[in-house]
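Reading the structure
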Amino acid sequence: MTGQDAPLAPTSGVGGTQSTSGAEAFTSGELQTIVAARSLSGKRSCFIGVGRPSTAALLARMLHNPRLVLVYESGTIGAKPYHVPLSIGDGELAETADLVVSVPEMFNYWIGPGRVQVAFLAAAQVDPRANLNSTVIGDYEHPGTRLPGAGGAPEIATGCDEVVVIVPHSRRTFVEKLDFRTTSGDRTTLVITDLGVLEPIDGELTLTTLHPGVTVEQVLQDTGWELGVLDKLGVSAAPSAEELEALRELVAR
Amino acid sequence: MSVAELVSLAEAIERTVKDGDSVALEGFTHLIPFAAGHEVLRQGRHELELIRMTPDILYDQMIGVGAARKLVFSYGGNPGVGSLHRFRDAIEHNWPHAIAVEEHSHAGMANRYVAGASKLPFAVMRGYTGTDLVAHTRVKPITCPFTGEQLTAVPALNPDVAIVHAQEADRDGNVQLWGIPGVQKEAVLAAERAVVTVERIVETLEPRPGGVVIPGWVIDYVAEAPGGSQPSYALGITERDNDFYREWDVISRDREQFLAWMNTHVLSAVSA
């Protein structure tokens, strides 16, 4: 998912990498991670997978929510890793966790009853109602692309109060009709992409916030359906020097 | 009650795994029984129904050499890296042959093991709501007899053989594992026959924080296999080889390269 992040200018739509007026340049991926980290402000606990969601949650703990409880599917609750883990089973997660539980306990005692507040999820496809596909592209019996499958997502998405989806913004991802509905979008509160933020309004995802330097046209062009746009469209704050510094230090560990 | 027999890895596999068996080599991102899985392949077992929540590199290898007729799973990816190319090639292109697939969610698989370990016919859970999985797998709606709530029943999972890896066993075959416990205890208790490979045999098991003990009298064979979960890891003894998980993405992409690698590193290796 990384590596294709376009450089964004912090203050204008020209998209250059040069910093302007003293602010540092940043990539669209860095901004996506920082916006995801901000969404955890004031939250109690968050269920996370690897990759950008994990980076965002660690960043939230570093910057503004040191008591945020990180829950990984592998059974580690209250993990406090120093490094961004490669896998959800990295030893550092178990060694730093408040408790380590079996998989049945994780789903039956912790996820199912709603003890974890927020879930970060990713997917290959997102539809207008924020349902997710992580199973197949094409026909189920004869798929063009076999994806990894559901994992914990179906029950995480119905167990946690708030689901935050973190995906790249493209027509391949944002499709009118999913090839397979793996996970319900009923509890999705935010979809954070590298271009902006979508939120459900009357059940349908709507563009509510643009990242700086991104245009509405760009988002519409990269969305596979006629996306609604909020009248009072917000703009994400450019990363502060503190946010960028912390993120880069975290990734470099 | 009998105690587990301490035997060599080759003997443990020879005595438990037959062609056509349903076999669960469990381990949830930790303590993955690679050495035992490789021994199954060296002994030429095939037509296996492979069961595992998170088929990762080991099952990619077993599927890629054609040892599986069916896969029962909930997440088939290379954790933190991406696709399992042999798993994908089998499903997308029937290479080296077609495999049947039965897939669940993690919560569903976990509860299936719990039912299996409990020797109950099914487990009940809230789940599989709002997912197309229901139409493609074995779950049924069930009404709570006390409240009338609509719940989901998942069938018990009782593999012919469970194989797991742990840190230590004593000479009576009592096993202790610590760190991420996954579903290993449930898999052992659910299965008809159980094999545990361990990093080391010790005189006495010492209590460990978060340690899970599986008594020798529910295990058939214990075999010493130091480093037996590499490139996965055994917390406190070996480290996860993250580089290998990334390398596997390259090795496994190409059929010929994959087969050459398997021949050199697994199939022609001398068994432990």
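Notes on the structure follow. (Residues numbered from 1 in each chain as written. Chains lettered and ligands numbered in written order. Predicted model: local features only at pLDDT ≥ 70, side-chain atom pairs only at ≥ 80, totals over all residues.)

1. What to know about the overall build of chain B
This is how it is decided: Helix numbers and strand numbers start at the N terminus; a helix is a DSSP run of H or I with at least 4 residues, a strand a run of E with at least 2. Field definition: a residue is buried when 20 or more other C-beta atoms are found within 10 Å of its C-beta, exposed when 12 or fewer are, and partly exposed for counts in between, with C-beta atoms placed from the backbone. Contacts are defined on C-beta atoms placed from the backbone: any two residues whose C-beta positions lie within 7 Å are in contact.
When you go through chain B residue by residue, the secondary structure sums to eight helices and 13 strands. Once the C-alpha set of chain B is aligned to its principal axes, its extents read approximately 55 × 45 × 30 Å. Looking at the 272 residues of chain B, the share that counts as buried comes to 53%. Put simply, 76% of the contacts in chain B that link residues at least 6 apart link residues at least 24 apart.

2. Some details on the interface of chain A and chain B
Interface extent is often summarised as the accessible area lost during association of the parts. Operational definition: All amino acids are sorted into three groups, where Ala, Val, Leu, Ile, Met, Phe, Trp, Tyr, Cys and Pro are nonpolar, Asp, Glu, Lys and Arg are charged, and the leftover types, Gly among them, are polar.
On the side of chain B, 42 residues touch chain A, which itself brings 35 residues to the contact. Among the elements of the structure, helix H3 (91–96), helix H4 (103–111), strand S11 (143–146) and helix H5 (153–159) of chain A are those that each provide at least two residues to the side of chain A that touches chain B. Classifying every residue of the side of chain A that touches chain B gives 14 nonpolar, 15 polar and six charged.

3. A look at the sheet that holds strand S7 (residues 140–143) of chain B
All names here are of chain B. Filter applied, for reference: The criterion for strand pairing is that DSSP finds at least two bridges linking the strands in question. Axis angles are defined between N-to-C directions and span 0 to 180 degrees, where every axis is a line fitted to C-alpha atoms and, for a helix, only to the segment in contact.
The strand order S6-S8-S7 describes an open sheet built from three strands, whose pairing is antiparallel. Looking at strand neighbours, the two that pair on one side only are strand S6 (122–125) and S7, the edges of this open sheet. If you compare each strand with its neighbour and ignore which way they point, the axes differ by 40° on average. As defined by bridge partners, S6 adjoins strand S8 (residues 150–155) across four bridges and the pair is classed as antiparallel. Looking at the pairing, Val-124 lines up with Ala-153 of S8. Most of the contacts of helix H5 (residues 106–118) go to S6, to which it runs at about 135°, and overall it touches S6 and S8.

4. A word on the sheet that holds strand S3 (residues 45–48) of chain A
Residues and elements named next belong to chain A. Across the sheet, which stays open at both edges, the ten strands sit in the order S6-S5-S4-S3-S7-S12-S13-S14-S15-S16 with mixed pairing between neighbours. Of all strands in the sheet, those bounded by a partner on one side alone are strand S6 (99–100) and strand S16 (228–235). Relative to strand S5 (residues 76–77), strand S4 (residues 69–72) runs antiparallel, the two sharing two bridges. Across the sheet, Val-71 pairs through a bridge with Ile-77, a residue of S5. With respect to the sheet, helix H2 (residues 52–63) is in contact with S3, S4, strand S7 (118–121) and strand S12 (162–166), its orientation differing from that of S3 by roughly 155°.

5. Brief notes about the packing of H4 of chain A against H5 of chain B
Cut-off, in case you're wondering: Comment on the angle field: the value is read as roughly parallel under 35 degrees, roughly antiparallel over 145, roughly perpendicular from 65 to 115, and oblique elsewhere. Two helices cross in a left-handed way if the nearer one is turned anticlockwise from the farther one by less than a right angle. They cross in a right-handed way if the turn is clockwise.
Relative orientation of the contacting elements H4 of chain A and H5 of chain B amounts to 110°, with a least axis distance of 9 Å. By the angle between their axes, H4 of chain A is roughly perpendicular relative to H5 of chain B. Seen along the crossing, H4 of chain A lies across H5 of chain B with a hand that is left-handed. Residues Val-103, Pro-104 and Phe-107 of chain A of H4 of chain A pack against His-106, Ala-107, Ala-110, Asn-111, Tyr-113 and Val-114 of chain B of H5 of chain B. For the contact of H4 of chain A with H5 of chain B, a count of residues per class yields seven nonpolar, two polar and no charged.

6. Some points on the packing of H2 of chain A against helix H7 (residues 241–252) of chain A
When two helices pack together, their arrangement is given by the angle between their axes and by how far apart the axes lie. Residues and elements named next belong to chain A. Following both chains from N to C, one finds H2 and H7 inclined at 125°, their axes separated by 10 Å at the closest point. The angle between H2 and H7 places the two elements in the oblique class. Between H2 and H7 the crossing geometry is right-handed. In this structure, H2 contributes Thr-55, Leu-58, Leu-59, Met-62 and Leu-63 to the contact, and H7 contributes Glu-243, Ala-246, Leu-247, Leu-250 and Val-251. By residue class, the composition of the contact of H2 with H7 is eight nonpolar, one polar and one charged.

7. Let's talk about unusual backbone geometry
Residues and elements named next belong to chain B. Cis geometry marks the peptide bond from Trp-95 to Pro-96, where omega comes out at 0°. Residue position: Pro-96 is located in the loop between helix H4 (85–93) and strand S5 (100–103). Of note, the amide linkage connecting Gln-230 to Pro-231 takes the cis form, showing an omega dihedral of 10°. Within the element layout of this structure, Pro-231 appears in the loop between strand S13 (221–224) and helix H7 (242–251). One non-glycine residue, Tyr-128, lies in the positive phi region at around 55°.

8. Some remarks on the pairing of strand S14 (residues 196–201) of chain A
All names here are of chain A. Alignment of strand S13 (residues 188–192) against S14, held across two bridges, turns out to be antiparallel. Bridge pairing in S14 links Val-191 to Leu-198. Linking two consecutive strands that pair antiparallel, namely S13 and S14, is a turn of three residues. Bridge count for S14 against strand S15 (residues 204–210) is six bridges, and the pairing is antiparallel. From the neighbouring strand, Val-197 faces S15, where its bridge partner is Thr-209. Two successive antiparallel strands, S14 and S15, enclose a turn made up of two residues, where Asp-202 displays a positive phi of approximately 50°.

9. With respect to helix H2 (residues 34–42) of chain B
Residue and element names in this part refer to chain B. Judged by how many residues are buried, H2 sits mostly within the fold: eight of nine residues are covered. Restricting attention to buried positions, one finds in H2 the residues Phe-34, Ala-35, Ala-36, Gly-37, His-38, Glu-39, Val-40 and Leu-41. Taken from the residues just after H2, Gly-44 is the one with a positive phi, measuring 75°.

10. Section: the environment of Ala-37 of chain A
Residue and element names in this part refer to chain A. Tracing the sequence through the fold places Ala-37 in helix H1 (residues 28–38). Remark: the alpha-carbon pair of Ala-37 and Val-163, spanning 126 residues in sequence, is separated by 14 Å. Residues within four places of Ala-37 in sequence aside, it is in contact with Ala-56, Leu-59, Ala-60 and Leu-63.

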